[in-house]
Amino acid sequence: MPFSLRTAARLCLALLITHCSLLTAKAQAPKTYTSSEILLGLKKLNVVGSVMYIAAHPDDENTRLLAYLANGRQLETSYFSCTRGDGGQDLIGPELREQLGVIRTQELLAARRIDGAHQYFSRANDFGFSKTSAETFTIWDKEQVLADMVWVIRQRRPDVLITRFPPDARAGHGHHQASAILAAEAFDAAGDPKRFPEQLQYVQAWQPKRLYWNTGSYFVKPGESMAGYLTLDAGGYNPLLGQSYGEIAARSRSQHRSQGFGAAAQRGEAIEYFQFVKGTPARTDLFEGIDQTWSRVPGGAAIGKLVDEVIRKYDASNPSTSVAGLLGVQKTLEQLLSNANAKDAGLPINKPTTAEQFWLSEKDELLDVLIRAALGLYVEATTNVATVAPGQPIDVTYEIVSRSNVAGQLADIQGSPKAVGADTIFHTPLKLDKALRISRHQFVPLFVPESQPYWLREKGSVGMYAVPEKLPAGVHSHLEDKVRSYTRAEYLAFRQSLESKPNDFLERQFLIGRPENLPPLEGYLSISFENGFYTRLRIPVQYKHTDPVLGELYQPLAVVPPVMVNIPAARAYVFADQQPKQVPVTLRAGQAGVQGQLALQVPSGWQAEPATVAFTLKNKDDEQTVNFSLRPLAGAAEGKSELRAVATIGAEKYSRGIQQIIYPHIPTQTLFPEATAPLVKLNVARGHTKTIGYLMGAGDEVPEALRQLGYTVTLLDPATDLTAERLARYDAVVLGVRAYNVLNKLKTQQPALLKYVENGGTMLVQYVVNYGTVLPQIGPYPLALSSDRVTVENTPVTFLNPGAPVLNVPNKLTPADFATGWVQEQGLYYPSSWDAHYQPVIASHDPGETDKQSAILVAPYGKGRYIYTGLSLFRELPAGVPGAFRVLANLVESGGK
């Protein structure tokens with residue numbers, strides 16, 4: 001008998017881009033369904049339509065509209081984000097750039113699990129704030145981003161495209177403008193077979209019906225009428241979910257914790273406005289004139305009638321009574337899919353998916369999930385280890401529970417990659433509410449790479465991520481997604497031939513658009529029921545453990561190298577003289593019995609001792625820290641260079657560490673950063689300041705930079721250390737980024753900080769976002785924060801007061817210190833106005849703009865000095881920018897006690 005899910009998904013290349021929805025979730029407890037959720041799924045089964053929302057970043061999306069479209073209109077709803085938000089700030093921790101992009105990717109996936117939409121990306125890198133689309137397109141590869149957008153449109157076949165932003169300056173951010181420009185071009189290009197023809201060996205050209213801009217009062221000039229816009233009310237209530245779309249949206253949007261986007265729930269009417277851009281205009285409804293019933297699929301009208309009948313007879317108290325009707329739907333659907341496949345001759349692997357095949361496959365996947373949900377079938381595959389190295393064994397426990405009265409049996413379990421020995425044939429009965437647990441001993445093949453996010457495997461450019469040309473297909477058995485309807489014997493023969501071909505690869509085209517990696521290890525279970533339903537489940541193997549406080553937790557299984565080499569994260573080693581510094585390198589075993597040699601590779605003119613160190617790690621996860629002594633020799637060049645730690649095992653060299661990103665709202669993420677660190681040799685002096693109290697805000701690595709300069713740094717506890725007595729211990733007090741946005745204690749302790757300055761201390765405040773401050777005024781005198789910034793990182797700087805102490809003591813700064821080697825931006829959240837007591841020090845501006853003079857404001861106050869700076873020191877210092885260290889030294893030395 002043919003496999004239901006397999007038959008559905010084989011020719012649907014859209015499924016090669018893994019999507020998250022109400023029905024799928026990664027690194028979560030296996031999804032179970034309430035009766036009302038099953039009924040919502042049945043209603044969605046009868047809607048044959050698709051819509052795609054397009055914007056630039058995570059958190060740009062209109063989550064209320066997505067929730068309404070996915071759950072109210074029951075459309076296949078997607079959000080295409082041009083970037084992963086790598087260039088933003090981080091409100092919950094110190095992660096920046098690529099690490100922040102990983103967090104924001106997962107926040108989007110968490111949001112989609114709530115609002116029911118799917119998530120896709122391009123290869124564009126969020127390089128930071130951009131003021132125009134023209135600047136954006138000088139850094140992004142426009143044609144490549146457009147190709148990625150067209151690829152996903154051709155995959156998902158949306159009837160309507162919706163943009164979040166206009167294509168002009170009203171959008172603000174240059175990335176926002178660019179996303180709208182690209183959407184308009186993609187609308188035409190997706191349907192043009194002459195554009196990106198290389199994609200057409202896998203998909204067909206697809207022309208959406210119309211493109212609209214989801215506008216609002218915030219884009220309209222004062223007094224301008226919105227009467228001519230298309231409208232819809234997205235504020236309705238969904239009784240099957242027990243929430244309004246505004247309530248769903250608040251939960252979804254609140255997943256963007258790194259950006260501080262916790263949102264309050266909204267109830268009642270919520271009018272959305274749409275302005276026509278391209279295609280066929282609509283008069284009353286976004287989807288008018290588009291057949292979104294089964295009639296759009298040849299022969300599909302019969303399916304619609306069958307689904308209507310299942311819905312009419314649905315018993316919420318016993319969903320399993322719907323299984324017989326759903327099997328009738330499945331039989332008809334699979335016959336249509338078989339007929340659609342038979343229209344095309346030849347191998348299926350490189351055959352473009354037709355619209356007919358797309359919808360039949362898409363709905364058959366949903367149908368298969370609904371049948372399992374109606375049966376109350378629970379299946380998981382877990383292991384008790386968080387990591388595994390290639391070639392190493394792993395014990396996997398499969399748990400299967402049937403929670404309906406429909407009798408069934410487990411036919412077999414197959415490991416992917418292939419387990420030791422033959423696949424196990426069980427034919428084991430599944431009894432009502434009796435858990436069946438089976439353990440399997442499996443190996444991860446040697447060719448499986450570590451679980452680095454695919455877009456971080458290769459070095460990209462400032463504006464674009466590099467996607468590998470190919471990945472080993474054995475990791476994902478991706479070819480199984482292309483197989484026609486096979487009998488069980490045919491399927492097993494195919495699988496055996498596939499796994500004997502380690503040279504099969506997952507091509508780059510099928511990686512593009514994916515939000516994340518596919519699971520490295522999976523299990524395949526075949527389960528049959530007496531009613532004729534035969535399902536084959538593809539289950540990711542996850543690490544499951546129980547926390548004494550949080551309870552049962554699931555985590556993605558990570559494939560790690562045999563040894564990991566860790567250098568302290570975000571640390572630049574700064575040398576003002578030839579005195580040696582210790583560089584600790586920590587080795588961690590990815591498997592048992594690892595031994596080899598560790599060395600520190602340094603540039604010419606530097607000396608690391610010892611030259612090499614032998615290491616032996618007996619057990620998996622054992623660690624060994626080696627301290628190297630590093631110093632510049634007389635011939636070492638001034639400026640920035642790089643050191644690298646390398647472990648050698650036999651003929652293989654390993655130079656990646658391991659970094660886990662752990663937050664409660666997203667699955668644990670495991671990264672493998674290069675074991676490198678910036679080396680900085682510079683002429684920098686220190687003055688009288690020796691001790692610094694650092695009050696951490698949202699999170700940054702500036703304290704470590706201060707320590708590298710030789711200061712003694714103490715992290716202050718806002719609950720106990722912000723008193724006159726304790727602050728008096730320090731020569732300077734520094735507030736971390738966004739401190740006045742996140743530390744409520746500053747509401748009451750601000751007087752103590754200002755008293756500290758008045759008594760002769762130096763207080764340095766790093767950038768504060770211009771909204772959501774805990775105090776109306778953050779300084780001793782009035783100053784108005786704004787969103788002003790200088791985005792061109794190396795823009796020239798002029799000195800407004802060349803004799804100012806902050807420019808001369810203890811280091812005589814030059815304009816080059818503020819520009820040479822800087823990354824992403826020069827500064828942000830500059831005040832727009834300030835009291836005369838504040839003295840501006842430097843000025844700079846982006847091309848075509850007037851000078852911004854508030855990057856550094858110094859205000860004498862009593863015997864001390866209060867300094868506000870919007871300079872992006874939090875980015876420049878971890879990157880090892882030499883001038884940033886000299887600037888920082890002068891800022892904490894200005895005045896002083």
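Definitions and cut-offs
Residues numbered from 1 in each chain as written. Predicted model: local features only at pLDDT ≥ 70, side-chain atom pairs only at ≥ 80, totals over all residues. Heavy atoms only, no water. Buried < 20%, exposed > 50% of the residue type's maximum accessible area, 1.4 Å probe, protein only. Helix = DSSP H or I, 4+ residues; strand = E, 2+ residues; numbered from the N terminus. Pairing = 2+ DSSP bridges. Axes fitted to C-alpha atoms, helices over the stretch in contact; angles between N-to-C directions. Parallel < 35°, antiparallel > 145°, perpendicular 65-115°, else oblique. Left-handed = near helix turned anticlockwise from the far one by under 90°. Contact = heavy atoms within 4.5 Å. pLDDT = per-residue confidence, 0-100. Salt bridge = Lys/Arg side-chain N within 4 Å of Asp/Glu carboxyl O. Expected span 1.5 Å × (residues − 1). Lys, Arg positive; Asp, Glu negative; His and termini not counted. Polar contact = N/O pair within 3.5 Å; in protein donor to acceptor, adjacent residues only side chain to side chain. Phe/Tyr/Trp six-rings, centres within 6.5 Å; stacked < 30°, edge-to-face > 60°. Core = buried A, V, L, I, M, F, W, Y, C linked by side-chain atoms within 4.5 Å.

## With respect to the pairing of strand 18 (residues 522–529)
With 8 of its 8 residues buried, strand 18 lies for the most part within the structure. Side chains E522, Y524, S526 and S528 of strand 18 all project onto a buried face; the interleaved residues G523, L525, I527 and F529 project onto the opposite face, where all are buried too. What sits between strand 18 and strand 19 (residues 534–547) in their antiparallel hairpin is a turn of 4 residues, with G532 showing a positive phi close to 100 degrees.

## A closer look at the packing of helix 3 (residues 63–72) against helix 8 (residues 245–253)
At a closest axis distance of 8 Å, the pairing of helix 3 and helix 8 adopts a crossing angle of 120 degrees. It follows from the interaxial angle that helix 3 and helix 8 lie oblique. Helix 8 is crossed by helix 3, and the crossing has right-handed handedness. Residues T63, R64, A67, Y68, N71 and G72 of helix 3 pack against Y245, G246, I248, A249, S252 and R253 of helix 8.

## Some points on the confidence of the model for the chain
On average, residues of the chain carry a pLDDT of 89, and 90% of them reach 70 or more. Note on residues 345–350: pLDDT is under 50 here. Beyond four places in sequence and across chains, it has 8 contacts. Contacts of residues 417–422 to residues separated by more than four positions or lying in other chains number 17 contacts, the stretch itself having pLDDT below 50.

## Re the pattern of salt bridges
Any two side chains of opposite charge can pair, on the condition that their charged atoms come close. The full count for this structure, using the stated rule, is 38 salt bridges. A salt bridge links E76 to R156; the nearest nitrogen and oxygen atoms lie 3.7 Å apart. One end of the pair, E76, is in strand 2 (residues 76–81); the other, R156, is in helix 6 (residues 142–156), with 80 residues separating them in the sequence. The exposure classification of E76 matches that of R156, with both residues buried.

## Let's talk about helix 17 (residues 746–758)
Its 13 residues place the ends of helix 17 17 Å apart at the C-alpha level, agreeing with the 18 Å of an ideal helix rising 1.5 Å per residue. Of the residues making up helix 17, those classed as buried are L746, Q749, Q750, A752, L753, L754, Y756 and V757. Just downstream of helix 17, G760 is the residue with a positive phi angle, here 120 degrees.

## Focus: the side chain of R457
You can see R457 is positioned in the loop between strand 15 (436–443) and strand 16 (470–472). No salt bridge is formed by the buried R457, whose closest oppositely charged neighbour, E450, lies at an N-O distance of 4.5 Å. A polar atom in the side chain of R457 sits 2.8 Å from the backbone oxygen of E450.

## Observations regarding the packing of aromatic side chains
Enumeration over the complete set of coordinates arrives at 17 aromatic pairs. Ring centres of Y767 and F874 lie 5.3 Å apart, and the angle between their planes is 45 degrees; on these two criteria the pair is classed as tilted. Remark: F874 occurs in helix 18 (residues 873–876) and Y767 occurs in the loop between strand 37 (762–765) and strand 38 (783–784); sequence separation between them is 107 residues. On the basis of relative accessibility, which here comes to 1%, the residue Y767 falls in the buried class. On the numbers, 6.0 Å between centres and 80 degrees between planes, the contact of F799 with F818 is edge-to-face.

## Brief notes about the environment of Y756
Structurally, Y756 is set in helix 17. Counting along the chain gives 31 residues from Y756 to E725, while the straight-line C-alpha distance between them is 9.1 Å.

## Quick word on unusual backbone geometry
In this model, E609 is joined to P610 through a cis peptide bond whose omega is -5 degrees. Topologically, P610 is positioned in the loop between strand 26 (606–609) and strand 27 (612–617). The linkage connecting V809 with the following residue, P810, adopts the cis geometry, with an omega of 0 degrees. Within the secondary structure, P810 is located in the loop between strand 40 (798–799) and strand 41 (827–830). A positive phi is found at R157, a non-glycine position, where the angle reads about 55 degrees. You can see R157 is positioned in the loop between helix 6 and strand 4 (160–163). Even without a glycine there, the phi angle at F196 is positive, about 50 degrees.

## Quick word on the sheet that holds strand 37
If you walk across this open sheet you meet the 7 strands as 35-34-36-37-46-45-43, and the pairing is mixed. The open sheet has two edge strands with one neighbour each: strand 35 (712–715) and strand 43 (839–840). Judged from the 4 bridges that link them, strand 34 (residues 691–695) and strand 36 (residues 732–735) form a sheet pairing that is parallel. Looking at strand 36, one finds that L695 is bridged to L735.

## Concerning the nonpolar core
If you look at the biggest cluster of nonpolar residues, it comprises 80 residues, and the most contacted ones within it are Y740, L746, L871 and L888. Take this core: its biggest share by element is 7 residues, from helix 19 (residues 882–893). In terms of nonpolar packing, the next biggest core, distinct from the first, is built from 57 residues, V307, V448, I539 and V559 among them.

## Remarks on the sheet that holds strand 26
With antiparallel pairing, 4 strands are arranged side by side in an open sheet as 22-24-28-26. Edge positions in the open sheet fall to strand 22 (563–566) and strand 26, since each of these has one partner strand only. Direction aside, neighbouring strands of the sheet carry axes that sit 25 degrees apart on average. Relative to strand 28 (residues 623–632), strand 24 (residues 581–589) runs antiparallel, the two being bridged by 8 bridges. Across the sheet, T586 pairs through a bridge with T625, a residue of strand 28.

## Examining the environment of P193
Looking at the element boundaries, P193 is found in the loop between helix 7 (174–189) and strand 5 (210–215). Taking the C-alpha atoms as reference points, P193 and A205, separated by 12 residues in sequence, lie 5.7 Å from one another. Leave out the neighbours within four places in its chain, and P193 touches R154, L200 and A205.

## Focus: helix 7
The terminal C-alpha atoms of helix 7, which comprises 16 residues, lie 22 Å apart, in line with the 22 Å expected from a rise of 1.5 Å per residue. Of all 16 residues in helix 7, 14 are buried, a share of seventy percent or more.

## Some details on the environment of K690
Mapped onto the secondary structure, K690 falls in the loop between strand 33 (676–681) and strand 34. Sequence spacing of K690 and Y730 is 40 residues, and the spatial spacing of their C-alpha atoms is 8.0 Å. Excluding residues within four positions of it along the chain, K690 makes contact with Y711, T712 and D731.

## A look at the pairing of strand 9 (residues 271–279)
Pairing analysis gives 6 bridges linking strand 5 to strand 9, with the strands arranged antiparallel. Note on strand 9: the bridge partner recorded for W213 is Q275.

## What to know about the side chain of Q119
Inspection of the secondary structure puts Q119 in strand 3 (residues 118–121). Classification of Q119 by relative accessible area gives buried; the value is 0%. Side chain to side chain, Q119 and R112 meet in a polar contact 2.9 Å long. Sequence-distant contacts of Q119, that is, excluding residues within four places in its chain, are made with Y79, S81, L108, L109, R112, G513 and P515.

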